[in-house]
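# Structural overview
These are the residues of each chain, in order.
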Amino acid sequence: GQQLNQSPQSMFIQEGEDVSMNCTSSSIFNTWLWYKQEPGEGPVLLIALYKAGELTSNGRLTAQFGITRKDSFLNISASIPSDVGIYFCAGQELGGSNYKLTFGKGTLLTVNP
Amino acid sequence: GAVVSQHPSWVICKSGTSVKIECRSLDFQATTMFWYRQFPKQSLMLMATSNEGSKATYEQGVEKDKFLINHASLTLSTLTVTSAHPEDSSFYICSARGGGGYTFGSGTRLTVV
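The following refers to the structure shown. None of the values given here were measured: they were computed from a predicted structure.

### Considerations on the pattern of salt bridges
Close approach of charged atoms allows side chains of opposite charge to pair. One pass over the structure, following the stated rule, counts 5 salt bridges over all chains. A salt bridge links A:Lys36 to A:Glu38; the shortest N-O distance between them is 3.3 Å. Judged by its relative accessible area of 12%, A:Lys36 falls in the buried class. The partly exposed category is assigned to A:Glu38, whose relative accessible area is 41%. Of the charged contacts in the structure, one is a salt bridge between B:Asp88 and B:Lys66, with a shortest N-O distance of 2.9 Å. On the criterion of sequence distance, the pair formed by B:Asp88 in the loop between strand 8 (76–81) and strand 9 (90–98) and B:Lys66 in the loop between strand 6 (57–58) and strand 7 (67–73) is long-range, its members being 22 residues apart.

### What to know about the sheet that holds strand 8 (residues 71–76) of chain A
Residues and elements named next belong to chain A. On the basis of which strands lie adjacent, the open sheet formed by 5 strands has the order 1-3-8-7-6 and antiparallel pairing. Among the strands making up the open sheet, the edge pair consists of strand 1 (5–7) and strand 6 (55–58). Each adjacent strand pair in this sheet contributes to an overall mean axis angle of 15 degrees, direction not counted. As paired strands, strand 3 (residues 19–24) and strand 8 are joined by 6 bridges and run antiparallel to one another. Across the sheet, the residue bridging to Cys23 is Ser72, located in strand 8.

### Observations concerning the state of the cysteines
Residues and elements named next belong to chain B. Under the counting rule described, the total for this entry stands at 2 disulfides over all chains. One disulfide bridge connects Cys23 with Cys94, the sulfur atoms lying 2.0 Å from each other. Residues Cys23 and Cys94 are joined by a disulfide whose S-S torsion is about 80 degrees; by sign, that bridge is right-handed. Of this pair, Cys23 sits in strand 3 (residues 19–25) while Cys94 sits in strand 9; the two residues are 71 residues apart in sequence, bridging distant segments of the chain. Neither residue differs from the other here; Cys23 and Cys94 are each classed as buried.

### Comments concerning the interface of chain B and chain A
With 21 residues of chain B at the interface, the matching set in chain A holds 18 residues. Summed over both partners, the interface of chain B with chain A buries about 1,500 Å², with 53% contributed by carbon and sulfur atoms. For the chain B face of the interface with chain A, the top three residues by lost area are B:Ser43, B:Tyr102 and B:Phe104, together amounting to 36%. Between chain B and chain A we count 1 salt bridge in total. In this structure, B:Glu59 and A:Lys100 form a salt bridge, with 3.1 Å as the shortest nitrogen-oxygen distance. On inspection of chain B and its partner chain A, the count reaches 7 residue pairs in polar contact (both at pLDDT 80 or more).

### Re the side chain of B:Thr103
When you line up the elements, B:Thr103 lands in strand 10 (residues 101–104). Residues within four places of B:Thr103 in sequence aside, it is in contact with B:Ala2, B:Val3, B:Val4, B:Phe28, B:Cys94, B:Ser95 and B:Ala96.

### A few points about the environment of A:Val44
Residues and elements named next belong to chain A. Within the secondary structure, Val44 sits in strand 5 (residues 44–49). Separated by 16 residues in the primary sequence, Val44 and Arg60 have C-alpha atoms spaced 16 Å apart. Apart from residues lying up to four places away in sequence, Val44 is in contact with Trp34, Tyr35 and Lys36.

Conventions and cut-offs
Residues numbered from 1 in each chain as written. Chains lettered and ligands numbered in written order. Predicted model: local features only at pLDDT ≥ 70, side-chain atom pairs only at ≥ 80, totals over all residues. Heavy atoms only, no water. Salt bridge = Lys/Arg side-chain N within 4 Å of Asp/Glu carboxyl O. Buried < 20%, exposed > 50% of the residue type's maximum accessible area, 1.4 Å probe, protein only. Helix = DSSP H or I, 4+ residues; strand = E, 2+ residues; numbered from the N terminus. Pairing = 2+ DSSP bridges. Axes fitted to C-alpha atoms, helices over the stretch in contact; angles between N-to-C directions. Disulfide = S-S within 2.5 Å. Contact = heavy atoms within 4.5 Å. Buried area = accessible area lost by both parts, 1.4 Å probe. Polar contact = N/O pair within 3.5 Å; in protein donor to acceptor, adjacent residues only side chain to side chain.

In structure tokens, the structure reads:
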């Protein structure tokens, strides 16, 4: 099946720095979701986006649903050590079957204290 | 918020035996449940989609006779790995759609020896 193009694959940053990651698709999506997964756990929802152009914040996290409906980004400001984990974008494709989600390959974030 | 309980969190079984994994939505009714498989450092791979009371829809390449899915109620879905072999060792994660979004279980680490 289709996968989203998520970049970067990994990031090594210093505590306090800002982080940005994004996902792009060749298809139109009507929902974009951003999840964080820690080792041995299931993904936990960070932000959900439902409208083109929508910009939503959750604490230090901000995500946007691209105007073209084919991309989304997630920003983390003033990173802290507990931000470490794998971040996945996921989307529901317009016209997709059975509400299936398509996932990006993930961005591994490492924060050096 | 929406909670999905997945059990067991880890299981070790002998080759040739079957293992059942349960996924329950605790405070909402899940119209659709999804089962994923995840290999180390990789993204989630959708195995199948199930709607309550009907047969599961399997993704291409997933053996339906090996990975039996039952979705008997709006709050419970089970995945049974039949005649497990070492190559079935993986991290299995369920997700439930309902309660306003997609909620993931905490995953099951299956090791077949």
